[in-house]
Amino acid sequence: MASAAASAPGATHLATKVELTIWCENLMDMDVFSKSDPLCALYINTSGSHWYEFGRTEMILNCLNPKFARRFVIDYYFEMVQKLKFCVYDIDNSTYDLSDDDFLGELECTLGQIVSNRQMTRQLLLKDRRPAGHGTITFLWWSDPFLEFYKQTETGWQLAHRTEVVHNNLNPVWRPFRVSLRALCGGDVEKLIKVDCYDHHVNGSHDLIGSFRASLAEMLAGTHLSPVEKEYSFLDYVMGGCQINFTIAIDFTGSNGDPMSPQSLHYISPDGYNEYLQAIWAVGNVVQDYNSTKMFPVFGFGAEIPPSWQVSHEFPINFNPANPFCAGIEGVVQAYRQCLPQLKLWGPTNFSPIINHVACFATQALQQNAASQYFVLLILTDGVITDMDQTRAAIVAASRLPMSIIIVGVGGADFGAMEFLDSDDKLLLSPTGEAAARDIVQFVPFRHFHGNSLALAQSVLAELPDQVSSFFNAYKLKPPNVFGVPEPS
C-alpha cells in the first residue's frame with residue numbers, strides 16, 4: 001500500500017525526509033450507481049497515545065484500485081518509533097470531515113518498517129517532452145488530456161506521476177513538475193518509462209488516447225544529469241537492504257542483588273518491569289524494525305549456570321547454544337523472565353567475551369565486501385567492569401568492523417569506566433597504545449531518564465546512524481540495492 005523514497009540522499013539522519021507513495025487494490029464498492037471515490041488520510045503517532053492527521057491524498061473518482069499521485073513527505077528519525085496509520089475513505093460529499101464518509105479500511109505500521117526495505121532516490125525537475133519513443137499520441141478535438149508516467153518493475157508498471165488535466169486543448173502544455181528519479185526509473189536512466197495519455201471523464205472512465213515508451217536518457221537528450229552521490233546516508237543503507245543485527249547482553253553478576261528481593265535490580269515488580277526490561281523494550285522496539293527476521297540473540301554474563309554451575313560470561317539466556325535467538329522483543333522478555341530463577345548471580349563483570357563474540361560475526365560480514373549487515377551489541381550492566389584492558393582491546397579491534405556497542409547502566413553505581421569507554425572527546429586506546437578507528441561506543445545511565453523510554457531510546461541510538469554510514473562510506477561500500485528494488489505494480 002505504501003512505498004518510500006528518501007528525498008535527501010547524503011544528508012544526516014536528523015535532516016532526512018521520506019517520501020511515501022500510496023496505492024490500494026480491490027477496495028470495497030460502497031456506491032450504488034458508481035464505484036467508490038477513494039481518498040487516503042495519513043495519521044502519525046510518536047507519543048504512544050495521540051494520533052494526529054498528517055495529510056491526505058487527492059480523491060480519485062470511481063476507482064477501486066487507486067494509485068494516488070499526491071505523496072506524503074515525512075521527517076524521518078531512526079531513534080524514534082514513528083507509528084503510521086493509513087485510512088481510506090469513500091468520499092461522498094464536499095465536507096472536510098471524514099466521519100460522514102464511508103470507511104474502506106486501514107493499515108497501521110511504523111515508518112521504520114517501511115524504510116527498512118526500500119532505497120535511496122534523487123530529485124529531478126522534469127518537464128513534459130515528446131521524444132521519439134516506442135509509441136505515438138494522437139489528440140482528438142474534444143480531448144481533456146492528462147498524462148500518467150509509469151516506472152517499470154519486475155511485477156509490472158507502477159504509477160510514478162499523474163499530471164493535471166488540460167481542458168479542451170489539442171496542443172496541451174502541462175505544468176512543470178518534480179518527480180524523484182528513483183520513483184520514475186529506479187535510478188536507471190536507460191530503463192524504459194511508459195507514458196500514457198488519457199482523455200479525462202468525470203465518471204472515471206478515462207479514454208486512453210495514446211501511449212509511448214522511452215528511456216529517461218532519451219527524454220532528457222541534450223540535458224545534464226548529475227552523477228550518483230558518492231556519500232550515502234544511513235537511510236540509503238537501510239532502504240537499500242542493509243540489515244541491523246541486534247544482540248543483547250545482560251549482566252547477571254551478584255552485585256545486582258538477589259532477584260527475589262525487591263531491592264534487586266533484577267527484581268520484577270508486580271507490574272512486570274525492572275530497569276533491565278525497560279531498557280530492552282525502549283531500545284528493542286526501535287531497532288527491531290530494521291531486521292527482517294526479528295530474531296535476536298540474547299546472552300548473559302557473570303552467572304553460574306546449570307548444569308555444571310560454572311561461571312559463564314557468554315551464555316544464551318534460552319540455554320540453547322545452537323540457537324540463541326529470541327523471536328521479537330516479546331521473545332527476549334519471555335526468555336529473560338524464564339532464565340532468572342535458573343541462575344546463580346555471581347561475577348566478575350567481564351565485557352570482552354561477548355564483544356569478541358559479536359565481532360566474529362561482524363568480521364564474517366565484512367569479508368563479504370558488501371554493506372549488507374551491521375551489528376549492534378546492547379550491553380545492560382549495573383557495575384564496574386573487571387576486564388578493562390581486554391575490553392579496550394576488543395573495542396579497538398571492533399572499531400574496524402561493521403559494529404557498534406551501546407551500554408546502558410542500570411542502578412546507582414559509579415559508571416566512570418563506562419564513560420571512559422564512550423570516549424566522545426578522543427578515540428579510545430588499547431593497552432598497547434593502538435587507537436580505535438572510530439568511536440563505536442555509546443554509554444547512557446538509565447537513571448538519567450526516570451522511566452522515560454522514548455527519551456532513553458533517543459539518547460541511546462542517537463549516534464548509531466552516523467556510525468553505520470561513516471563506516472560503510474569509509475570502506476566505499478554502497479547499499480546492496482542502490483536502485484531498482486522491485487515494488488508492487
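Residues numbered from 1 in each chain as written. Predicted model: local features only at pLDDT ≥ 70, side-chain atom pairs only at ≥ 80, totals over all residues. Heavy atoms only, no water.

Caption draft 1: Spatial organisation of the sheet that holds strand 6 (residues 83-90). Read across the sheet, 4 strands follow the order 4-3-6-7 without closing on themselves; strand pairing throughout is antiparallel. Edge positions in the sheet fall to strand 4 (52-56) and strand 7 (102-110), since each of these pairs with one other strand and no more. Across the sheet, the axes of successive neighbouring strands diverge by a mean angle of 25°, strand direction being ignored. Here 4 bridges tie strand 3 (residues 38-45) to strand 4, and the two strands are oriented antiparallel to one another. Bridge pairing in strand 4 links Ile 44 to Tyr 52. (Pairing = 2+ DSSP bridges. Helix = DSSP H or I, 4+ residues; strand = E, 2+ residues; numbered from the N terminus. Axes fitted to C-alpha atoms, helices over the stretch in contact; angles between N-to-C directions.)

Caption draft 2: Local environment of the packing of aromatic side chains. For the structure shown, the criterion picks out 18 aromatic pairs. Taking 6.4 Å as the distance between ring centres and 75° as the angle between the ring planes, the aromatic pair formed by Phe 54 and Phe 72 counts as edge-to-face. On the criterion of sequence distance, the pair formed by Phe 54 in strand 4 and Phe 72 in strand 5 (residues 72-75) is long-range, its members being 18 residues apart. Judged by its relative accessible area of 3%, Phe 72 falls in the buried class. Ring centres of Phe 415 and Phe 443 lie 5.5 Å apart, and the angle between their planes is 50°; this geometry places the pair in the tilted category. Residue Phe 415 is found in the loop between strand 22 (403-409) and helix 9 (416-422), and its partner Phe 443 is found in strand 23 (residues 441-445); the two are separated by 28 residues along the sequence. Phe 415 gets classed as buried once you look at its relative accessible area, which sits at 3%. Aromatic rings pair up to connect Tyr 232, Tyr 237, Tyr 374, Phe 471, Phe 472 and Tyr 475 into one cluster. Directly above the aromatic system of Tyr 96 lies the positively charged group of Arg 56, at a separation of 3.5 Å from the ring centroid. Positioned above the aromatic ring of Trp 51, the side-chain terminus of Lys 85 is 4.5 Å from the ring centre. (Phe/Tyr/Trp six-rings, centres within 6.5 Å; stacked < 30°, edge-to-face > 60°. Buried < 20%, exposed > 50% of the residue type's maximum accessible area, 1.4 Å probe, protein only. Lys NZ or Arg CZ within 6 Å of the ring centre and 35° of its normal.)

Caption draft 3: Structural detail: the packing of helix 5 (residues 275-287) against helix 10 (residues 453-461). Direction vectors running N to C along helix 5 and helix 10 enclose 65°, while the axes themselves pass 9 Å from each other. Crossing hand, helix 5 versus helix 10: right-handed. On helix 10, the residues that touch Gln 278, Ala 279, Ala 282, Val 283, Val 286 and Val 287 of helix 5 are Ser 453, Leu 456, Ala 457, Val 460 and Leu 461. (Left-handed = near helix turned anticlockwise from the far one by under 90°. Contact = heavy atoms within 4.5 Å.)

Caption draft 4: Broad picture of the side chain of Asp 289. Its location among the elements puts Asp 289 in the loop between helix 5 and strand 15 (295-301). Of the side chains with opposite charge, Lys 294 comes closest to the buried, unpaired Asp 289, at an N-O distance of 4.8 Å. Here Asp 289 is in contact with Thr 110, Gly 112, Gln 113, Ser 116 and Lys 294, once residues within four sequence places are set aside. (Lys, Arg positive; Asp, Glu negative; His and termini not counted. Salt bridge = Lys/Arg side-chain N within 4 Å of Asp/Glu carboxyl O.)

Caption draft 5: Summary view of the pattern of salt bridges. Applying the stated criterion to the full structure yields 8 salt bridges. Between Asp 196 and Lys 194 there is a salt bridge, with the nearest N and O atoms lying 2.8 Å from each other. For the pair Asp 196 and Lys 194, one class covers both residues: buried. Within this structure, Glu 58, Glu 148 and Arg 162 form a network of salt bridges that share partners.

Caption draft 6: Looking closely at helix 6 (residues 328-339). In this model, helix 6 (12 residues) spans 17 Å end to end at C-alpha, consistent with the 16 Å of a helix rising 1.5 Å per residue. For helix 6, every residue scored as buried is listed here: Gly 328, Ile 329, Gly 331, Val 332, Val 333, Ala 335, Tyr 336 and Cys 339. On its buried face, helix 6 is in contact with strand 14 (243-251), helix 5, strand 15 and strand 19 (325-327). (Expected span 1.5 Å × (residues − 1).)

Caption draft 7: Quick peek at the packing of helix 5 against helix 6. At a minimum axis distance of 10 Å, the contact between helix 5 and helix 6 shows a crossing angle of 160°. Compared by their axis directions, helix 5 and helix 6 come out roughly antiparallel. When you trace helix 5 past helix 6, the crossing you get is right-handed. Across from Tyr 276, Leu 277, Ile 280, Trp 281, Gly 284 and Asn 285 in helix 5, the residues of helix 6 making contact are Ile 329, Glu 330, Val 332, Val 333, Tyr 336 and Arg 337. Along the lines of polarity and charge, the residues of the contact of helix 5 with helix 6 split into 8 nonpolar, 2 polar and 2 charged. (Parallel < 35°, antiparallel > 145°, perpendicular 65-115°, else oblique. Nonpolar A, V, L, I, M, F, W, Y, C, P; charged D, E, K, R; others polar.)

Caption draft 8: Region of interest: the sheet that holds strand 16 (residues 303-305). The sheet built from 3 strands is open, its strands ordered 17-16-20 with antiparallel pairing. The outermost strands of the open sheet, each flanked by one partner alone, are strand 17 (310-312) and strand 20 (344-345).

Caption draft 9: Up close: the pairing of strand 23. In terms of burial, strand 23 is a largely internal element, 5 of the 5 residues being buried. The side-chain alternation of strand 23 yields two buried faces, one formed by Val 441, Phe 443 and Pro 445 and the other by Gln 442 and Val 444. Pairing of strand 22 with strand 23, which is carried by 5 bridges, proceeds in the parallel orientation. Looking at the pairing, Ile 406 lines up with Gln 442 of strand 23. Since strand 22 and strand 23 lie parallel, the crossover through helix 9 that links them has a hand, and here it is right-handed. (Right-handed = clockwise from strand over helix to strand, strands pointing away.)

Caption draft 10: Region of interest: the state of the cysteines. One pass over the structure, following the stated rule, counts 0 disulfides. Left unpaired, Cys 40 is separated from the closest cysteine sulfur, that of Cys 24, by 5.9 Å. What makes Cys 40 buried here is its relative accessible area of 0%. Of all cysteine sulfurs, the one in Cys 326 lies closest to Cys 339, which takes part in no disulfide; the gap is 9.2 Å. (Disulfide = S-S within 2.5 Å.)

Caption draft 11: Here's a closer look at helix 11 (residues 464-474). Across the 11 residues that make up helix 11, a large majority, 8, are buried. Each element contacted by the buried residues of helix 11 is listed here: helix 4 (234-239), helix 7 (352-366), strand 21 (373-381), strand 22, strand 23 and helix 10. With its phi angle positive at about 55°, Lys 476 sits one or two positions after the end of helix 11.

Caption draft 12: Examining the nonpolar core more closely. Within the largest apolar cluster, 81 residues are counted, with the highest numbers of intra-cluster contacts made by Leu 20 and Phe 252. For this core, the leading source of residues is helix 5, giving 8 residues. When residues of this core are assigned to domains, at least three map to each of domain 1 (16-140) and domain 3 (236-475). Core analysis: the second largest hydrophobic core is formed by 30 residues, Phe 301, Ala 359, Ala 362 and Ile 407 among them. (Core = buried A, V, L, I, M, F, W, Y, C linked by side-chain atoms within 4.5 Å. Domains from an automatic or database assignment.)

Caption draft 13: Molecular detail of the pairing of strand 22. Of all the 7 residues making up strand 22, 7 are buried; the element is thus mostly covered by neighbouring parts of the structure. A two-sided burial pattern is seen for strand 22, the buried positions comprising Met 403, Ile 405, Ile 407 and Gly 409 on one face and Ser 404, Ile 406 and Val 408 on the other. Where strand 21 and strand 22 come together, 7 bridges link them in parallel fashion. Across the sheet, residue Val 376 finds its bridge partner in strand 22, namely Ser 404.

Any link to function would need more than the numbers given here.
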